[in-house]
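One letter stands for each residue in the lines below.
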Amino acid sequence: FLVLEQGINLISFPLILFDNDIEEVTEIHTGFQPITEITRFENDNFETAVYDGNNWIGFADLENDRGYFFTVSEDYDFAIAGKVPVEERTIHLDDGMNLIGFTTLNDKEIKDFIAQDPNAFSVVEIARFNDGNYDLITFYPENNPDFWFSNVDFDNLAPGVGYWFKTNNAIS
């Protein structure tokens, strides 16, 4: 389960989805639908799908390794149907801002997971949504040996969470 709190939640899918159809993932056929809106960031633009009480209006598919803003009308334990990832996955990042997630069941320590050469680095900053605000961790090439710095307790990437990645060039 992903524990969603009433309001806006920035999430990703920790399991490989069995079905990418938005109606299947959100299980609207159950008649209970606290998820009212889903927003993603695509080609430097926000796209939104809205639940009108019967159907989703907007984009039709949800994908692994992406971040999504889920708006829910009440606290909700969101069940995800999928299989456990057994292989490392590659995520493509465009130059600039990227809203992503990690298909994994394990925390990833940022300094080990995103190992970068201080003379040729790509990921500049990572942000996570935290109670309506953002926590940041920034890459400082001159901050040897631990190049990542955050003034809050933010040194791991967690499963089920979406993140903003700011890059200075496209990478995979």
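Residues numbered from 1 in each chain as written. Predicted model: local features only at pLDDT ≥ 70, side-chain atom pairs only at ≥ 80, totals over all residues. Heavy atoms only, no water.

### As for the pattern of salt bridges
Any two side chains of opposite charge can pair, given that their charged atoms come close.
Thinking step 1. Enumeration over the complete set of coordinates arrives at six salt bridges.
Thinking step 2. Linking Glu88 and Lys108 is a salt bridge whose minimum nitrogen-to-oxygen distance equals 3.8 Å. Placement of Glu88 in the loop between strand E9 (82-83) and strand E10 (96-101) and of Lys108 in strand E11 (residues 108-109) is noted, with a sequence separation of 20 residues between them.
Thinking step 3. The exposure class of Glu88 is exposed, given its relative accessible area of 64%. (Salt bridge = Lys/Arg side-chain N within 4 Å of Asp/Glu carboxyl O. Helix = DSSP H or I, 4+ residues; strand = E, 2+ residues; numbered from the N terminus. Buried < 20%, exposed > 50% of the residue type's maximum accessible area, 1.4 Å probe, protein only.)

### Regarding the sheet that holds strand E5 (residues 45-51)
Pairing between the strands of a sheet is mediated by backbone hydrogen bonds and can be parallel or antiparallel.
Thinking step 1. If you trace the five strands from one edge of the open sheet to the other, you get E2-E7-E4-E5-E6, paired in antiparallel fashion. If you trace the sheet from one side to the other, it starts and ends with strand E2 (7-11) and strand E6 (56-57), each paired once. (Pairing = 2+ DSSP bridges.)

### Considerations on the nonpolar core
Thinking step 1. In terms of nonpolar packing, the biggest core is built from 21 residues, with Phe13, Ile38, Leu62, Phe70 and Phe78 touching the most fellow members.
Thinking step 2. Contributions of two or more residues to this core are made by strand E1 (2-4), helix H1 (22-25), strand E4 (35-42), E5, strand E7 (68-72) and strand E8 (76-78).
Thinking step 3. No other element matches the three residues that E7 contributes to this core.
Thinking step 4. Those residues within four positions of Leu62 in sequence are excluded, and the remaining contacts are Phe13, Leu17, Asn20, Ile22, Val25, Ile38, Tyr68 and Phe70.
Thinking step 5. Within the second largest apolar cluster, 17 residues are counted, among which are Leu93, Ile100, Val123 and Phe139. (Core = buried A, V, L, I, M, F, W, Y, C linked by side-chain atoms within 4.5 Å. Contact = heavy atoms within 4.5 Å.)

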